[in-house]
Amino acid sequence: MPIYEYQCKACGHQMEALQRMSDAPLTDCPACNQAELSKKISAAGFRLKGGGWYETDFKTGSKKNLAGDAAKPNKDKPAASAGTSTSGTAKAS
């Protein structure tokens, strides 16, 4: 259900109401009891409710295991060789 914002034209009271889209708009202000409430235009709000959302809910194939990809070594970076120094030349023994 969407959350709607209302403002009273008489007293300036602002409020939010959780309503069905098919419900009639509210008209009576709970602060001053005047029939001066009007809906405000605002950013869409929503509330996630229930057991939760998981990163794998809407993904397919290889995109499902995003958290496991961070543990894998990067293929673009070659592993450092044990026989080289920091200057890039091999040490003589």
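Residues numbered from 1 in each chain as written. Predicted model: local features only at pLDDT ≥ 70, side-chain atom pairs only at ≥ 80, totals over all residues. Heavy atoms only, no water.

Q: Would you mind showing me how to read the packing of aromatic side chains here?
A: Here a ring pair, both rings aromatic, is described through the centre-centre distance and the interplanar angle of the planes. Here the structure, examined in full by the defined rule, presents 0 aromatic pairs. Residue placement shows Lys39 over the ring face of Tyr4; its charged tip is 3.9 Å from the ring centre. (Phe/Tyr/Trp six-rings, centres within 6.5 Å; stacked < 30°, edge-to-face > 60°. Lys NZ or Arg CZ within 6 Å of the ring centre and 35° of its normal.)

Q: Where do I start with the pairing of strand E1 (residues 3-8) in this structure?
A: The two faces of a sheet get side chains in turn, since along a regular strand they alternate between them. The side-chain alternation of E1 yields one buried face, formed by Tyr4, Tyr6 and Cys8, and one unburied face, formed by Ile3, Glu5 and Gln7. Hairpin connection from E1 to strand E2 (residues 14-18): 5 residues lie between these consecutive antiparallel strands, with Gly12 at a positive phi of about 85°. As paired strands, E1 and strand E3 (residues 37-39) are joined by 3 bridges and run antiparallel to one another. Residue pairing for E3: Tyr6 is matched across the bridge by Lys39. (Buried < 20%, exposed > 50% of the residue type's maximum accessible area, 1.4 Å probe, protein only. Helix = DSSP H or I, 4+ residues; strand = E, 2+ residues; numbered from the N terminus. Pairing = 2+ DSSP bridges.)

Q: What's the story with the nonpolar core in this structure? I'm lost.
A: General note: in soluble globular proteins, nonpolar side chains tend to be found buried as a group. In terms of nonpolar packing, the biggest core is built from 6 residues, these being Tyr4, Tyr6, Cys8, Ala17, Cys29 and Leu37. The element best represented in this core is E1, accounting for 3 residues. Other than its neighbours up to four places away in sequence, Cys29 contacts Cys8, Cys11, His13, Gln34 and Leu37. (Core = buried A, V, L, I, M, F, W, Y, C linked by side-chain atoms within 4.5 Å. Contact = heavy atoms within 4.5 Å.)

Q: Could you clarify how one ought to interpret the sheet that holds E2 in this entry?
A: Strand pairing in a sheet relies on backbone hydrogen bonds, with the paired strands running either antiparallel or parallel. Reading across the sheet, the 3 strands line up as E2-E1-E3 and stay open at both edges, with antiparallel pairing between neighbours. Bordering the open sheet on either side are E2 and E3, each of which pairs with just one other strand. The mean inter-strand angle of the sheet, taken between neighbouring strand axes irrespective of direction, is 35°. (Axes fitted to C-alpha atoms, helices over the stretch in contact; angles between N-to-C directions.)

Note that all results are geometric; they support no functional claim without further evidence.
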